[in-house]
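# Commentary on secondary and tertiary structure
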Amino acid sequence: MAVHLIEHPVVHDVLCALRDTTTRPDVFRQMARRISLLLAAEATRDLPSRAVTVTTPLGPAQGHRVSTDVVVVPVLRAGLGMVEAVLEILPDARVGHIGLQRDEHTAVASQYYAKFPGNLTDSVVLLVDPMLATGGSAIAALDLLTQTGARNLRLLCIVSAPEGIALVEARHPHAHIYTPVIDEGLNAHKFIVPGLGDFGDRLYGTT
Ligand code: PRP
Ligand code: URA
C-alpha cells in the first residue's frame, strides 16, 4: 500500500484552521472544502489523459483531457464536506454514497446506506472520509467497494491515525491513502489525538 503524505504548505495552513477549536462551522465548512480540493488534486496527479486539439481564437492548440472515469464516494456524513470540492475539479465524476456510523461506545462502524454508480471496474474511485481513526469505517467502505468491483481505490483523509493506516495497509494493501498528516494516535474513546474533534459535528454544528 502507498501512503502519500501531502506536504503542500496551503494544505497545512488550512489544517491548522480545521484543528483550531474556535473555528466556527461556517469557516470549518469552507476550510474542509479548500483542503479537499487540494487533496483531490494530489490524488489525481496520475490520471490518464488523451491528446486533443482545441481551437483558440488564434488557432489550434495541443492539449490533454482526462480520459478515465472517476467515481467519488463520500462516507456519510462527514465525507459530504469533501465531495463538492472533488466535483469542482472533476465535474464529470460519478458519485456514490456510503452511510456509516460509529457506535459511540464501541467505535465500531455499522452501515446504514450504500448506493453506487454501475460498473466500477475500470474507474478511479476516490473514497472521501476526513477522519481515519481505528480504520473500521474505511475498511467497511473499501470492502464494499471491492465487492462491487472497484479495483483502483484511493482514500482521501484530512487527519489519519497510525492505527487506521495500519489496518488499511493490512486489509487493503493495494489501496492508496492521501493524507496530510498521521497524528499521534487514538484516545480511550477512539478519537484521534490531537486530531480536530468530531469532524461531522464541527461541520454541521451538532456538538
Ligand atoms: C467519523 C468519520 C469517519 C469515522 C472514522 O464518522 O467521519 O467516518 O468516524 O472513524 P474510524 O476510523 O474509527 O471508523 P462517524 O461515525 O462519527 O459519523 P458521522 O460522519 O456521521 O459523524
Ligand atoms: N471521527 C471523528 O470525527 N474524529 C475522530 O477523532 C475520530 C473519528
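Relevant structure appears above.
Presented here is a report on the structure given in the accompanying data block. Residue numbers restart at each chain and count upward from 1, following the sequence in its written direction. To read the labels, note that chains go from A and ligands from 1, taken in the order they are written. Per-residue local features of the predicted model are confined to residues with pLDDT of at least 70, and side-chain atom pairs are confined, for both listing and counting, to 80 or more; whole-chain, interface and lining totals are unaffected and use all residues. Derived side-chain values reflect all non-hydrogen atoms in the structure, with water molecules and hydrogen atoms excluded from consideration.

Attention now moves to the site of ligand 2. A molecule or strand has a residue near it when one of that residue's heavy atoms lies within 4 Å. Taken together, Arg102, Met131, Ala133, Lys190, Phe191, Ile192, Gly197, Asp198 and Phe199 make up the full set of residues near ligand 2. A distance of 2.8 Å separates a nitrogen atom of ligand 2 from a polar atom in the backbone of Gly197. In the model, an oxygen atom of ligand 2 is placed 2.8 Å from a nitrogen or oxygen of the Phe199 main chain. In short, Shrake-Rupley with a 1.4 Å probe defines the accessible areas, and a residue's cover is counted only from the protein chains shown. Protein chains shield 89% of the accessible area of ligand 2, which is 240 Å² for the free molecule. Of the two site types, the cavity is a set of points on a 1 Å grid over the protein atoms alone where a 1.4 Å probe fits but cannot get out, and the pocket is an open set with protein on both sides within 12 Å along at least five of seven lines, each lined by residues with an atom within 4 Å of a point. Here the criterion for a molecule occupying a pocket or cavity is that more than half of its atoms lie within 2 Å of the pocket grid points. The cavity that encloses ligand 2 is the largest pocket. A class-by-class count of the residues in the shell around ligand 2 yields five nonpolar, one polar and three charged. The definition of a polar contact used here is a pair of N or O atoms within 3.5 Å, where within protein one atom must be able to donate a hydrogen and the other to accept one, and adjacent residues in sequence count solely through side-chain atom pairs. Residue polarity is assigned by list, with Asp, Glu, Lys and Arg as charged and Ala, Val, Leu, Ile, Met, Phe, Trp, Tyr, Cys and Pro as nonpolar; anything else, Gly included, falls into the polar class.

Around ligand 1, a shell composed of 17 residues is seen, among which Arg102, Asp129, Thr134, Gly135 and Ser137 lie nearest. In this structure, an oxygen atom belonging to ligand 1 sits 2.8 Å away from a main-chain N or O atom of Gly135. The side chain of Ser137 places a nitrogen or oxygen atom 2.6 Å from an oxygen atom of ligand 1. For ligand 1, whose free accessible area comes to 500 Å², the fraction covered by protein is 94%. If you map ligand 1 onto the pockets, it falls in the largest pocket. When residues of the shell around ligand 1 are traced back to their parent elements, those giving at least two are strand S4 (70-76), strand S6 (97-102), strand S9 (131-132) and helix H4 (136-147). Top element by residues in the shell around ligand 1 is S6. It accounts for three residues. Among the residues making up the shell around ligand 1, the classes are represented as seven nonpolar, six polar and four charged. Each helix corresponds to a stretch of at least 4 residues labelled H or I by DSSP, and each strand to a stretch of at least 2 residues labelled E; elements are numbered beginning at the N terminus.

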